[in-house]
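# Descriptive analysis of the structure
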Amino acid sequence: MRKPIIAGNWKMNNNVAATKALVADLAPLVKDATCDVVICTPYTSLAAAVEATKGTNIKVGAENVHWAEKGAFTGEISADMLVELGVEYVIVGHSERRQYFGETDATVNARTKAALAKGLKVILCVGETLEEREAGITAEVVRRQTKVGFAGIPASELDNVVIAYEPVWAIGTGKTATAQEANDTIKVIRDCMAELYCDKCAEERVRIQYGGSMNAKNAEELMAQPQIDGGLIGGASLKAVDFSIVVAAGK
Ligand code: 13P
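Residues numbered from 1 in each chain as written. Predicted model: local features only at pLDDT ≥ 70, side-chain atom pairs only at ≥ 80, totals over all residues. Heavy atoms only, no water.

## Thoughts on the overall build of the protein chain
Keep this limit in mind: Only DSSP runs of H or I reaching four residues or more are called helices, and only runs of E reaching two or more are called strands; each is numbered from the N terminus. Exposure was quantified through the Shrake-Rupley algorithm and a 1.4 Å probe, taking into account, for residues, occlusion by the shown protein chains and nothing else. The charged-residue count follows a simple rule in which Lys and Arg add positive charge and Asp and Glu add negative charge, with His and chain termini not counted at all. Think of each charge as sitting on NZ of Lys, CZ of Arg, CG of Asp or CD of Glu.
Counting its regular elements, the protein chain contains 11 helices and 8 strands. In terms of its C-alpha atoms, the protein chain occupies a principal-axis envelope of roughly 45 × 45 × 35 Å. Carbon and sulfur atoms form 54% of the exposed surface of the protein chain, whose accessible area is close to 10,900 Å². Taking the average location of the 27 positive side-chain charges in the protein chain and that of its 32 negative ones, the two points are 3 Å from each other.

Right, here's the structure in full:
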């Protein structure tokens, strides 16, 4: 019913040469994937990634996008600029952007709207910090991030937004949420989407990924959970074989 989607988030890794090499290794390994396969690369590698993935089933995404069409925003990139390159997806609201670059729920919402307006598909990230989890407010946090993130976005766009649930304490730490924990919090997010839109929309059209130390070893167990529709993969997406094993679990 909901087609799984496995996306790599390369973060600040892989220059143009490394991008060409990694795509060349990856493409034959994932060519028979039954899920959607996406690689999100640094801005400087996007053109090379689009070129290298031509004729393959791998889609290319950026890791951020600005909300304005153009103007005095030094260092930022607009949705039009990404579309011009042939980019199809963009990650918005990654916890590293929220933690280190002042991203807020409101800017996540603005970026998401701008990206959708130009026909990009969005991977909208939510997730609680360790302090929030320990304070017992995980559900409140992800519900707030979801509600504000989707404010003003019509149901007609639901096929174009994937939610990535990434508990901040599980990112790059080697600590994965247990499959049960991930499934439970994703259910909270899906219920929130049902409230915002409708039960059927949330059940049939909203894809929710898990992210945070997902890798070749634990992907199968995570993907077996009924609520988990895919993964947003950091470290393990930098190695073709590891990423292809995660992709193979995405069924
Ligand atoms: P890791 O898979 O390296 O923990 O990163 C997860 C992530 O942040 C993906 O966006």
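## Concerning the sheet that holds strand β2 (residues 36-40)
Here is the rule we go by: When DSSP finds two or more bridges between two strands, those strands count as paired. Axis angles are defined between N-to-C directions and span 0 to 180 degrees, where every axis is a line fitted to C-alpha atoms and, for a helix, only to the segment in contact.
Spatial strand order, β1-β2-β3-β4-β5-β6-β7-β8: 8 strands in a closed barrel with parallel pairing. Averaged over all neighbouring strand pairs, the angle between strand axes comes to 25 degrees, with direction disregarded. Relative to strand β5 (residues 121-126), strand β4 (residues 89-92) runs parallel, the two sharing 4 bridges. In the strand pairing of β5, Tyr89 is matched with Lys121.

## Some details on the nonpolar core
A general trend in soluble globular proteins is that nonpolar side chains are found buried together. Heads up, the rule is: To define a nonpolar core, start from buried Ala, Val, Leu, Ile, Met, Phe, Trp, Tyr and Cys residues and group those joined through side-chain atoms within 4.5 Å. Only protein chains enter the accessibility calculation, which uses a 1.4 Å probe. A residue is then buried if its area is under 20% of the maximum for its type, exposed if over 50%, and partly exposed in between.
Core analysis: the biggest nonpolar cluster contains 63 residues, and Ile39, Val90, Phe150 and Tyr210 have the highest contact counts within it. The greatest single-element share of this core, amounting to 6 residues, is contributed by helix α8 (residues 179-196). Core analysis: the next-biggest nonpolar cluster, separate from the first, contains 11 residues, Ala7, Cys40, Ala164 and Leu232 among them.

## Some points on the pairing of strand β3 (residues 58-62)
The condition is simple: Here a crossover is taken to be right-handed if, once the strands point away from the viewer, the path from the first strand over the helix to the second is traced clockwise.
Burial of β3 is extensive: 4 of the 5 residues sit out of reach of the surface. Here 4 bridges tie β2 to β3, and the two strands are oriented parallel to one another. Note that in β3 the partner of Val37 across the bridge is Ile58. In this view, the connection linking β2 to its parallel neighbour β3 by way of helix α2 (residues 43-52) has right-handed handedness. Of the pairings in the sheet, the one linking β3 to β4 comprises 2 bridges and is parallel in character. Along β4, the bridge assignment pairs Gly61 with Tyr89. Crossover β3 to β4 through helix α3 (residues 79-85) is right-handed.

## Quick look at the state of the cysteines
Short version of the rule: Note on terminology: pairs of cysteine sulfur atoms within 2.5 Å are recorded as disulfides.
Following the criterion strictly, the structure yields 1 disulfide and no others. In this model, Cys198 is linked to Cys201 through a disulfide, with the two sulfur atoms separated by 2.3 Å. Judged by the sign of its S-S torsion, about 95 degrees, the cystine formed by Cys198 and Cys201 is right-handed. Residue classification places Cys198 among the partly exposed positions, given a relative accessible area of 30%.

## Observations regarding the confidence of the model for the protein chain
Counted only if it meets this: pLDDT runs from 0 to 100 and stands for how confident the predictor is about each residue.
Chain-level statistics for the protein chain give a pLDDT mean of 97 and a share of 100% at 70 or above. By mean pLDDT, helix α6 (residues 130-134) is the weakest element of the protein chain at 93, and β3 is the strongest at 99.

## Examining the layout of surface pockets
In this approach, a probe sized like a water molecule rolls over the atoms, and the result shows the empty space that is left. Heads up, the condition is: Here the term cavity refers to a set of points on a 1 Å grid, laid over the protein atoms alone, in which a 1.4 Å probe fits but cannot get out; the term pocket refers to an open set having protein on both sides within 12 Å along at least five of seven lines, with lining residues being those that place an atom within 4 Å of a point. Grid points are joined across faces, edges and corners, and a volume is the space filled by probe spheres set on the points.
Here the largest pocket defines a volume of roughly 450 Å³. In terms of lining residues, the largest pocket is bounded by 14 residues, among which Lys11, Met12, Glu63, Arg97 and Phe101 are the most central. For the lining of the largest pocket, the secondary-structure elements that each account for two or more residues are α2 and α4 (95-100). Ranked by residues supplied to the lining of the largest pocket, first place goes to α4 with 3 residues. Of the volumes computed, that of the second largest pocket is approximately 210 Å³.

## What about the packing of helix α5 (residues 105-117) against helix α7 (residues 138-149)?
Our working definition: An angle counts as roughly parallel when it lies under 35 degrees, as roughly antiparallel when it exceeds 145, as roughly perpendicular when it falls between 65 and 115, and as oblique in every other case. For any helix crossing, the convention is left-handed if the near helix is rotated counterclockwise from the far helix by under a right angle, and right-handed if that rotation is clockwise. In what follows, residue pairs with any heavy atoms lying within 4.5 Å of each other are defined as contacts. We call Asp, Glu, Lys and Arg charged. Ala, Val, Leu, Ile, Met, Phe, Trp, Tyr, Cys and Pro are nonpolar, and the rest, Gly among them, are polar.
Interhelical geometry of α5 versus α7 gives an angle of 40 degrees and a closest axis separation of 8 Å. It follows from the interaxial angle that α5 and α7 lie oblique. In terms of crossing hand, the pair formed by α5 and α7 is right-handed. On α7, the residues touching Asp105, Ala106 and Asn109 of α5 are Arg144, Gln145, Val148 and Gly149. Grouping the amino acids of the contact of α5 with α7 by side-chain chemistry returns 2 nonpolar, 3 polar and 2 charged.

## As for the site of the ligand
Applied cut-off: The nearness test applies per residue and asks whether one of its heavy atoms lies within 4 Å of the molecule or strand. Nitrogen and oxygen atoms within 3.5 Å of one another constitute a polar contact, given that in protein one can donate a hydrogen and the other can accept it, and given that sequence-neighbouring residues count only through two side-chain atoms.
Residues in contact with the ligand, as listed here, are Asn9, Lys11, His94, Glu166, Ala170, Ile171, Gly172, Gly212, Ser213, Leu232, Gly234 and Gly235. Between an oxygen atom of the ligand and a side-chain N or O atom of Glu166, the distance comes to 2.9 Å. For the ligand, whose unbound accessible area comes to 310 Å², protein coverage reaches 94%. Residues that form the shell around the ligand fall into these classes: 3 nonpolar, 7 polar and 2 charged.

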